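A look at the structure
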There are 2 protein chains.
Amino acid sequence: MSDEAPLIAGIELGGTKCICILARGPDSIEDRVQLPTTRPEETLAGIEAVLDRWSGFVGLGIASFGPVSIDPHAADYGHITSTPKPGWAGQDVAQRLRRHARVPTGFHTDVVGAALAEARWGAAAGLADIAYATVGTGIGVGLIAGGRPVGGLTHSEFGHIRPVRVAGDDWIGNCPYHGACCEGLAAGPAIKARTGIPGPDLPADHRAWDLVADALGQLLHTLVLTGVPRRIVMGGGVMVGTDHLFPRVRAAMTRSLAGYVALAEVADADTFVVPPALGGNAGPLGAIVLGAQAVQAEMGRVFRG
Amino acid sequence: MSDEAPLIAGIELGGTKCICILARGPDSIEDRVQLPTTRPEETLAGIEAVLDRWSGFVGLGIASFGPVSIDPHAADYGHITSTPKPGWAGQDVAQRLRRHARVPTGFHTDVVGAALAEARWGAAAGLADIAYATVGTGIGVGLIAGGRPVGGLTHSEFGHIRPVRVAGDDWIGNCPYHGACCEGLAAGPAIKARTGIPGPDLPADHRAWDLVADALGQLLHTLVLTGVPRRIVMGGGVMVGTDHLFPRVRAAMTRSLAGYVALAEVADADTFVVPPALGGNAGPLGAIVLGAQAVQAEMGRVFRG
C-alpha cells in the first residue's frame, strides 16, 4: 500500500492487551499505542481517548478476541457474545466505537484479522484465497476467499473437527465438548495435559509430537477440501518456535490427502504450509484491512446510489 | 424473480444428459430442451444449435459435471479437466459457448449450480449462506456464502473428509484414495460394496444405515464448523427416497457437535438439515443463477469504468 492509501485506525482487542495503530500498512505506521485489557468500561474509554488524539483516519477496524457476533444483520452485531472474562459477555464493542469514531467500521475476530493481514502483506501476500490457522491455547482458523472472510455468521471453529486417531492412541483428549477433536489433541493445553510437559519444553523426539502433527495434518486436509486456500499460514504459540513441527505437519497433511487433490500448490508442501511473516503486528494490521474494507463497502453503497 | 427479471440461458451439462432451459426462474421457463451427452463435438454443437434458436437472453450459465477448471485466471478456465468420459478430458466448454453466445457467461460445477438454485428458489430460499450436499454415486458439496460459491479454485471436495469410525466398524471403505473417507463409507457404491445390496433395496433396519448416517453426520459437523451454512440441503440418490435416513443423519450431526455450536439454526436439526425442493430442475436453474451472476458481474465492471 503506497502513501496514497488512506489512513485507517486499527484496534486489536486481545484478552490481555489491546494494540491501537494509525496506519496505511506495515511500512507506514504513524502511531502505535498499547493498553491493558481490563474491564470493558475502562478499556473502551481508553481506546476512545486514543481515537480522539488521532485525526485524518477515514475508517476504523477492530479485530477482537471472541466469540463475537459478526452478522451485520443481528441486533448484537459487534458484541462479544460469551466469554468467561469478567464484564465482557454481551459487551458491545463495534457499535460503540463506530458511533464514537464516526467513520465506516469493520469488525471481525482476531484470527480472521491476522488471516487478512497475512494475505495482504505477510506470508501469503498476493494470494486472495488462503487459510490462517493459529495453534496456541486453542485452535482457530480464518478462511479468506477473494480477499474476504468466509463464514459470515459466526467464528469459524474449524479447530473442532474430529481427526481419525493414530492407531494405538486412545488418550481421551481435553476438549470439554468433543474430547479428542483437533483442539483437544493438538492445542497447547492438550499437549501439556497429555505429556505433563508444556509444548515449548517438550523434546523434539517425544512421541507426542507425531500425534500432534497427525491431528494438525488432518485439519489441513479438511481445509484443503474446502477448495479455498492456495496457501496455509500456521501461527500461534505451538507452531511458532517449534521449528521441527512444520515438516511433521506438512508430511501428515500429504499422507492424509493421499494424492487426491490436483491443486498444484498443495503438492509443494514446503511452500503451501508456511509460518506467518508479520509476527506481533498481524493483529493490528488485520484491523487496518478490516477498516479499509469497511470504507470500500461504504463507497460502494454511496456510489451505487 | 418477477417477469421483469432478464431472460437467461441455462445449461446443465451432465454425464449422460444435458438440459438446456431459457428462463427467468422456476415459474418462468420459456423453453426446455434435453440432449444426450455423447462425444464433445456432437454435444456442444447440439447446445449451440439450441442457443441459436433462442433469442433475447442476456446471459448464459453452465453447470457442468466435473472436475472442471473454475479459476477465471487460469488458461483452462471453463474446461473439463480430467474424466474417464471418452473425449471430454481437457475439453473446453465455457469459453467455446461464451464465444458462440456472445453474452456474459457463468460456469461452475453441477453441485454448486444446484446449491445456488436451492438457495435462490428452493429449500433454502431467502438464505444467502447455505451448504448443499449430494450423496449419490459420489459425495459433492457446494458451499454458498453471501449468495456466491465458496472455493474459487477447484471443486470443493468435502466428501473426502475422514470421519472417525464407529467403534467396532473396521470395514476398509471403497474410496480409491482414502479408503474410509466419507465418500468411501456413505456414497451409493460404498453401501453396495459393504452390504452387497444397493441402497434403495437395503432394509431400513439394516445396521449399515447407522454407519452411513454416522459418517454423514460428521460431514455435516465439519460443514457447520466452516461458519457458513444457515441451512444444509441434502440431495442425491442415497438421500432422496430414503426417508428414514434424514432423521438418522440429523441425530448423528447433533451427537457429533455435542452442543458446541451456538448458532440457533443448528439446534433445530429438522429445519437445519432438509431435502431439496427443486428436484430435477435444480441443475438447469442453477445454471440460470450462474448466468445472472455473470451478467451482474459484467454490469459491475462496466459501470465502475
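Here is what the cut-offs are and how they apply
Residues numbered from 1 in each chain as written. Chains lettered and ligands numbered in written order. Predicted model: local features only at pLDDT ≥ 70, side-chain atom pairs only at ≥ 80, totals over all residues. Heavy atoms only, no water. Least-squares fit on C-alpha atoms with pLDDT ≥ 70 in both. Contact = heavy atoms within 4.5 Å. Axes fitted to C-alpha atoms, helices over the stretch in contact; angles between N-to-C directions. Helix = DSSP H or I, 4+ residues; strand = E, 2+ residues; numbered from the N terminus. Left-handed = near helix turned anticlockwise from the far one by under 90°. Nonpolar A, V, L, I, M, F, W, Y, C, P; charged D, E, K, R; others polar. Core = buried A, V, L, I, M, F, W, Y, C linked by side-chain atoms within 4.5 Å. Buried < 20%, exposed > 50% of the residue type's maximum accessible area, 1.4 Å probe, protein only. Pairing = 2+ DSSP bridges. Right-handed = clockwise from strand over helix to strand, strands pointing away.

This part is about the relation of the copies chain B and chain A. With an RMSD of 0.0 Å, the operation that places chain B on chain A is a rotation of 180° combined with a shift of 0.0 Å along the axis. Considering both components of the superposition, the chain copies are consistent with a two-fold axis. Ranked by how close their C-alpha atoms come to the rotation axis, the residues of chain B are headed by Val164 of chain B, at 2.4 Å. Interface residue correspondence from chain B to chain A reaches 97%, placing this contact among same-surface, isologous pairings.

Turning next to the packing of helix α5 (residues 188–195) of chain B against helix α6 (residues 207–225) of chain B. All names here are of chain B. Contact geometry for α5 and α6: axes closest at 11 Å, N-to-C directions at 145°. The two elements α5 and α6 cross, and the hand of that crossing is right-handed. On the side of α5, the interface is formed by Ile191, Arg194 and Thr195, while α6 contributes Ala208, Trp209, Leu211 and Val212. Within the contact of α5 with α6, the residues separate by chemical class into 5 nonpolar, 1 polar and 1 charged.

Our next topic: the nonpolar core. Soluble globular proteins: nonpolar side chains tend toward being buried together. Counting 87 residues, the largest nonpolar core has Leu216, Leu219 and Met234 of chain A together with Leu216, Leu219 and Met234 of chain B as the members making the most contacts within it. Setting aside residues up to four positions removed in sequence, Leu219 of chain A forms contacts with Ala133, Ile139, Val141, Phe158, Gly159, Ile161 and Cys182 of chain A.

Looking now at the environment of Ser82 of chain B. All names here are of chain B. As for its placement among the helices and strands, Ser82 is situated in the loop between β4 (59–64) and α2 (94–101). Look at Ser82 and you get partly exposed, because its relative accessible area is 43%. For the pair formed by Ser82 and Gly66, sequence separation is 16 residues and the distance between their alpha carbons is 7.7 Å. Not counting the four nearest positions on each side in its chain, Ser82 is found in contact with Gly66, Pro67 and Ala89.

What follows concerns the pairing of β4 of chain B. Residue and element names in this part refer to chain B. Here β4 lies mainly inside the structure; 6 of its 6 residues are buried. Every second residue of β4 is oriented toward a common face, with Gly59, Gly61 and Ala63 on one face and Leu60, Ile62 and Ser64 on the other, all of them buried. The pairing of β4 with strand β5 (residues 105–109) spans 5 bridges and is parallel. If you follow Ile62 over to β5, its bridge partner there is Phe107. The parallel pair β4 and β5 is bridged by α2, and the resulting crossover is right-handed.

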